[in-house]
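Coordinate inspection notes
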Amino acid sequence: MKMVDPAPNPEQTATRTELGQLLEEAVLGLPEDYRTVVMLRDVEEMSTTETATALELTEDNVKVRLHRGHAMMRGWLLARVGPSGKKAFPFMGERCDRVVRGVFERLER
């Protein structure tokens, strides 16, 4: 039996480091009102209620700022990565066909 090393290889480490840097730049590039909400909700993992209380906002306002902050980050990241970003999630072709076949087989039973 071949044992797989659970430690990330150098390529995985470099990819994670680069991704972390891109996400950090995207968050830091947000206007302060949005950055604060994104940091508290996504980084500090505070609930919507906790975030609203800490910032003296309504929960609805926290949700709106989080949604808009994510949208701004997504736009920034897609602009930074460019058209090649779509290639990050390739169509799995054969694997997808196999999964679909399996689902239909189960439905027939």
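Source: prediction; values computed, not measured.

1. Things to note about the nonpolar core
Of all hydrophobic cores here, the largest spans ten residues; its members are A26, V27, L30, Y34, V37, V38, A52, V62, L66 and M73. If you list the elements that add at least two residues to this core, you get α1 (10-28), α2 (32-43) and α4 (59-81). Sequence-distant contacts of A26, that is, excluding residues within four places in its chain, are made with M73, W76 and L77.

2. Quick word on the side chain of T51
Relative to the helices and strands, T51 is located in helix α3 (residues 48-55). Judged by relative accessible area, T51 falls into the buried class, the value being 0%. A polar contact of 2.9 Å, which involves the side chain of T51, links it to the backbone oxygen of S47. Sequence-distant contacts of T51, that is, excluding residues within four places in its chain, are made with L40, R41, M46 and V62.

3. Description of the packing of α2 against α3
It is at 9 Å that the axes of α2 and α3 come closest, and there the two elements cross at 140 degrees. In this view, α2 runs oblique relative to α3, as classed from their interaxial angle. Relative to α3, α2 is oriented so that their crossing is right-handed. Counting all contacts with α2, which are made through T36, V37, L40 and R41, the residues of α3 involved are T48, T51 and L55. Across the contact of α2 with α3, the residue classes tally to three nonpolar, three polar and one charged.

4. Structural notes on the pattern of salt bridges
Across all of its chains, the model carries one salt bridge by this definition. A salt bridge links E25 to R80; its shortest N-O distance comes to 2.8 Å. Of this pair, E25 sits in helix α1 while R80 sits in helix α4, placing them 55 residues apart in sequence. Owing to a relative accessible area of 37%, E25 belongs among the partly exposed residues under this scheme. You can call R80 partly exposed: its relative accessible area is 47%.

5. Comments concerning the confidence of the model for the protein chain
Residues of the protein chain with pLDDT of at least 70 account for 85%, and the chain-wide mean is 85. For the protein chain, per-element mean pLDDT is lowest for helix α5 (residues 94-108), which scores 77, and highest for α3, which scores 97.

6. Here's the deal with α1
Under the 1.5 Å per step criterion, the end-to-end length of α1 is 27 Å for 19 residues, consistent within 8% with the ideal 27 Å. Buried within α1 we find L22, A26 and V27. Burial along α1 is one-sided: seen end-on, the buried residues are contained in an arc of 130 degrees. Opposite its buried face, α1 presents the exposed residues P10 and L28, each directed more than 90 degrees away. Where α1 is buried, its residues contact α2 and α4.

Rules and cut-offs
Residues numbered from 1 in each chain as written. Predicted model: local features only at pLDDT ≥ 70, side-chain atom pairs only at ≥ 80, totals over all residues. Heavy atoms only, no water. Core = buried A, V, L, I, M, F, W, Y, C linked by side-chain atoms within 4.5 Å. Buried < 20%, exposed > 50% of the residue type's maximum accessible area, 1.4 Å probe, protein only. Helix = DSSP H or I, 4+ residues; strand = E, 2+ residues; numbered from the N terminus. Contact = heavy atoms within 4.5 Å. Polar contact = N/O pair within 3.5 Å; in protein donor to acceptor, adjacent residues only side chain to side chain. Axes fitted to C-alpha atoms, helices over the stretch in contact; angles between N-to-C directions. Parallel < 35°, antiparallel > 145°, perpendicular 65-115°, else oblique. Left-handed = near helix turned anticlockwise from the far one by under 90°. Nonpolar A, V, L, I, M, F, W, Y, C, P; charged D, E, K, R; others polar. Salt bridge = Lys/Arg side-chain N within 4 Å of Asp/Glu carboxyl O. pLDDT = per-residue confidence, 0-100. Expected span 1.5 Å × (residues − 1). Arc of directions from axis to C-beta.

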